[in-house]
Amino acid sequence: MNQITFKYSNQNDLMLLLLLAKRMGIQPIKSINKKPNGTKMAAALGKLAQINAFSTIKDPVKWQKQIRKDRKLPNR
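Overview of the structure.

Here the focus is the overall build of the protein chain. Looking only at helices and strands, the protein chain features three helices and zero strands. Moving toward the C terminus, one meets the helices and strands of the protein chain in the order α-α-α. Its C-alpha radius of gyration of 22 Å places the protein chain more than 25% over the 11 Å reference for a compact globule of 76 residues. Along the longest, intermediate and shortest principal axes, the C-alpha atoms of the protein chain span 55 × 40 × 20 Å. Out of the 76 residues belonging to the protein chain, those deemed buried represent 3%. As presented, the protein chain carries roughly 8,300 Å² of accessible surface, and 56% of it is formed by carbon and sulfur atoms.

The structure is reproduced here in structure tokens:
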């Protein structure tokens with residue numbers, strides 16, 4: 001099995017390449033859509049804000065201490 005990785009900037013080129021691959025009987029392994037990390041983070045935080053994900057946490061420090069699973073570090 002051989003693999004080829006492509007970089008593209010035009011979404012239409014990707015669609016054309018996928019159609020050609022399908023016609024040739026080639027299945028893509030995965031599709032990677034890279035966005036700048038700031039864009040992904042902003043989108044994730046926006047979704048959390050919309051659903052009020054952490055609104056039930058009254059004391060964040062106490063909550064954090066309850067859910068953490070600390071362990072002793074070796075040689076400490």
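Back to the text.
Glancing now at unusual backbone geometry. Phi at Asn-52 is positive, roughly 50°, even though this residue is not glycine. As for its position among the elements, Asn-52 is in the loop between α2 (37–50) and α3 (60–67).

Side chains of Met-41, Leu-45, Leu-48, Ile-51, Phe-54, Trp-63 and Ile-67 sit close together on the surface and give an oily, nonpolar patch of about 700 Å² of accessible area. Among the elements of the structure, α2 and α3 are those that each provide at least two residues to the nonpolar patch. At three residues, the largest contribution of residues to the nonpolar patch is made by α2. Summarising the element assignment, Phe-54 is placed in the loop between α2 and α3.

The next thing to look at is α2. Side chains that are three or four residues apart share a direction in an α-helix, a result of its 3.6 residues per turn. When the terminal C-alpha atoms of α2 are compared, their 20 Å separation across 14 residues agrees well with the 20 Å that a helix rising 1.5 Å per residue should span. Among the residues trailing α2, Asn-52 stands out with phi positive, at a value near 50°.

So, how was this worked out
- Residues numbered from 1 in each chain as written.
- Predicted model: local features only at pLDDT ≥ 70, side-chain atom pairs only at ≥ 80, totals over all residues.
- Heavy atoms only, no water.
- Helix = DSSP H or I, 4+ residues; strand = E, 2+ residues; numbered from the N terminus.
- Rg over C-alpha atoms; globule rule 2.2 N^0.38 Å.
- Buried < 20%, exposed > 50% of the residue type's maximum accessible area, 1.4 Å probe, protein only.
- Areas by Shrake-Rupley, 256 points an atom, 1.4 Å probe, with all protein chains shown as cover.
- Patch = residues over 30% accessible without salt bridge, like charges linked within 9 Å, V, L, I, M, F, W, Y side chains within 5 Å.
- Salt bridge = Lys/Arg side-chain N within 4 Å of Asp/Glu carboxyl O.
- Expected span 1.5 Å × (residues − 1).

Worth remembering: the numbers are spatial, not functional.
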